[in-house]
Amino acid sequence: MTATVNKIQTSIKSLLTVFLVVAVILPLAKMLALVTYSDLGAVLTSPRLWRAVKNSVSVSAAASFIAISTAMLAAFCVSRCDIRNRRIFNVMAALPMLIPSVSHGMGLIIMFGRNGVLTNILGIEGSLYGFWGIAAGSVFYSFPLAYLMLENILRYEDTSPYEAAEVLGISCARQFMSITLPYMRKPLASVIFAVFTMIVTDYGVPLTIGGRYVTLPVMMYEEVVGLLKFGSGSVIGALLLIPAAVSFIFDSFTHDIGNQSYLAHTRRLKVSRVINTMARIYCGIICVTALLPVLSFLFLAFVRKYPWDMSLTLYNVTNSFRRGAGTYMKNSLIIALCVATSGVIMSYLAAYLTARSEGSSSRALHFASITSIAVPGIVLGIAYVLLFRTTFLYGTMGILILVNLTHFFASPYLMAYNSLNKVNRNLEAVGMTLGVGRWRIIRDVIVPLTASTIVEMWSYFFINSMMTISAVAFLSNVRTRPLSMMIPSFEANMQFESAAFVSLLILAVNVTMKGLMGIINGILRRRRELC
Amino acid sequence: MDLLNLPVKLQARGLTMRYGANEILGGVSFDAKSGEFLSILGPSGCGKTTVLGILVGLLKPESGSVFKDGADITGVHPSKRGMGIVFQNYALFQNMTVLGNVEYALRIKKETRGQSREIAASIIERVGLKEHMHKKPHRLSGGQQQRVAVARTLAMGPDVVLLDEPMSALDAATRLQMREELIDIKDTFGTTMIYVTHDQEEAFALSDRVIVMETGKISQFDTPENIICNPANEYVRDFVVRNIELKLKSLTKYINNKI
């Protein structure tokens, strides 16, 4: 029984809906409205565009395939085999998620470039730049997402069919074909869409390591930032909306986003010793590989000029700070803190209203809240430039906060939506009969019950704001530039050592934040179990 | 207890309700006497929970009124009706202890702020949860959690307590025990109880009178004995009486075998 909805709630709902429409849909509409026939004709007939489309699709397909198959194997190992220190592996596998995608491209250059650390040690020949470089960097960058999604899917798989199959004497291969595959089909399709979209819309990796191999996001960046051709930028932006839109539509048709609170019977299945050992070795290799870029940054950041002058130095530290790393760090922290705090308040409020009251206004707000998931950062960036160029917001910290808030809104919203759906639906009604208002129940009962989700939402906003460059690349200036933007500019000047140091700096902030959130969640858990 | 001599506590007059094109209630009227244990019995979807929601004020009827002690309370805020409700899944505040749950609303209410702990502790003791006072709900059994929900409601001093299928999550043995306890609580606190259930046996065992509902309408409203002896129509016969006959048959078989 849901208590009757009052006016305050309805007005908050409409306010949030209007905000999201202005922040997501209006800029996109403006961008699409600016596309003229001549631009469209010019862009669509240019062979450069079609080459970029071909490049983008082929390299993203290859990288998605590699990332998903390696992640799938890892997810199988972790969920089905006896891996010691499962938690450590999960942390390691997610580590690449805490550094910007530009850094992944750079990490590869440092390791395998013409004078890379590993190139010199192993004596490898051949160029890294181009197709395989982008593919490899994208695999690094997208592996954590693929792994976390797949691991989550496999962890909650109902194991009772396997037990039944075991009793019936059905072989492993048959079990895989008739139980695992059918179960995985839809979620796997979601993972493929998500990973492909992430790679095809990323421009950090191809920017650093693409060389002459131009992909769509890089082309768009060049058109807009280099040539100030907003018209053709918009056309490419519209093209880049397609994969995300398709994946969004697919997801909303195949399963109701957010309502996956089923209880499955999960028990660890028996696996042979040999397979266990192989699984452990595989997970070990993944761990080391995931750590490689970080290790190479650590090495490079404190070397004078690799590989000519290998003396240990703090030059890169002082160089970075002389060039404003301190100010940019402050910018980044201000942006991340503002985005995280306002983002949590808004997405939690939106999720509360949609999860715990019915009606068409709830559905409208739910839809508005998840649409941003279908808009790639660079597209959002250019759309913001076009819409806000003439307003007071342009060139301020405010627009960077706004664009990040919008860009990262959907995931934390869904986290809150899921956990608020699981909280007993009669709490507000009980409160009403006891003379305790809705907002008090939220404050005293519902927020404490969902505290760990709130912590997770906060850190999601914070970490992503710390590392993003996609949307902010179009919107920041010398004064408001966040720290992550130093990486591509150092790189453009071949100062890989300083770029490595900045990447480490971002990683350090994010790791600290993750650790802090872990501690807070530990305290919350202990408090929950107390008494 | 002679019901005829008791004053009327609660009256429902012509309650109707619809969600879109679906008629949920088509004119429901009844009264509950002071101190009565009244059950609303019916299959799921018959509208019994909607009646409860209207009585306590969480739902607004499309038409019809609710009277308490003779006064029209249809538009009165749920917290000002002197009524409490216990939900099917109890809806306890999982982040608070038993004491916290019972004390919470008292602490917010102006009149009881000072003695809130005292009141809460005495009620917890009276429902037999004294030794669990400082535990959180997830450490208690289903029956104990239900008692916390009842105590939380009783703390506000209602003279009518509504219960929405409160036993459905309990095992058979606990249900039997909770039946006794509910009657005890009703007698100690002198409250009128309105109990919604789909379990015939429970309704007949607990109640002074039973309302049998069928898709938004009252089929029969009488004492358990009268319903069993004179079912008003086919529906009541099917839903209520036949069920009891079946049980009786197996019971007779059992006794015959024993002998």
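Attention in this report is confined to the structure presented alongside it. Counting restarts for each chain: residues are numbered from 1 in the order of the written sequence. Whichever chain is written first becomes A and whichever ligand is written first becomes 1, with later ones labelled in order. Residues qualify for local features only when their pLDDT is at least 70, as the model is predicted, and side-chain atom pairs are given and counted only at 80 or more; totals for whole chains, interfaces and linings, by contrast, use all residues. In computing side-chain properties, one takes all heavy atoms of the structure into account and sets aside hydrogens as well as water.

## Comments concerning the pattern of salt bridges
For side chains of opposite charge, pairing can occur when their charged atoms come near one another.
Right, so step 1: Each salt bridge in this description consists of a side-chain nitrogen of Lys or Arg and a carboxyl oxygen of Asp or Glu lying within 4 Å of one another. Throughout the structure, instances matching the rule amount to 23 salt bridges over all chains.
Right, so step 2: Notably, a salt bridge pairs Arg 48 of chain A with Glu 222 of chain A, separated by 3.3 Å at the nearest N-O pair. Of this pair, Arg 48 of chain A sits in helix α3 (residues 47–80) while Glu 222 of chain A sits in helix α11 (residues 216–226), placing them 174 residues apart in sequence.
Right, so step 3: The residue Lys 9 of chain B makes a salt bridge to Asp 159 of chain B at a minimum N-O spacing of 2.9 Å. Of the two residues, Lys 9 of chain B is situated in strand β1 (residues 8–19) and Asp 159 of chain B in the loop between α4 (142–154) and β7 (160–164); the sequence distance between them amounts to 150 residues.
Right, so step 4: Relative accessibility decides the category of a residue: with a 1.4 Å probe and only protein chains considered, values under 20% of the type maximum give buried, values over 50% give exposed, and everything between is partly exposed. Look at Asp 159 of chain B and you get partly exposed, because its relative accessible area is 25%.
Right, so step 5: Overlapping salt bridges bring together Arg 48, Glu 222, Glu 223 and Lys 229 of chain A as one network. Segments assigned H or I by DSSP are reported as helices when at least four residues long, segments assigned E as strands when at least two residues long, and all are numbered from the N terminus.

## Quick look at the packing of aromatic side chains
Right, so step 1: Put simply, two rings from Phe, Tyr or Trp (the six-membered ring, in Trp's case) pair if the centres are within 6.5 Å, and we call them stacked under 30 degrees between planes, edge-to-face over 60, tilted for the rest. Applying the stated criterion across every chain yields a total of 19 aromatic pairs over all chains.
Right, so step 2: When the centroid spacing of 5.4 Å and the interplanar angle of 10° are considered together, the rings of Trp 458 of chain A and Phe 462 of chain A count as stacked. Highlighted residues: Trp 458 of chain A and Phe 462 of chain A, both in helix α22 (residues 451–467), separated by four residues, approximately one helical turn.
Right, so step 3: Residues Tyr 235 of chain B and Phe 239 of chain B carry aromatic rings whose centres are separated by 5.7 Å and whose planes lie at 5° to one another, so their mutual orientation is stacked. With Tyr 235 of chain B and Phe 239 of chain B both in helix α8 (residues 234–258) and four residues apart, this pair spans about one turn of that helix.

## What about the sheet that holds strand β2 (residues 22–33) of chain B?
Residues and elements named next belong to chain B.
Right, so step 1: As summarised here, the arrangement of the four strands in space is β2-β1-β4-β5, forming an open sheet in which the pairing is antiparallel. Every interior strand has two partners, whereas the edge strands, β2 and β5 (71–72), have only one.
Right, so step 2: Contacting β1, β2 and β4 (63–68), helix α1 (residues 48–56) runs over the sheet at an angle of about 60° to β2. Between any two strands, pairing holds if DSSP finds at least two bridges. Any two residues whose heavy atoms approach within 4.5 Å are treated as being in contact. Here, axes are lines fitted to C-alpha atoms. For helices the fit covers the stretch in contact, and angles between N-to-C directions go from 0 to 180 degrees.

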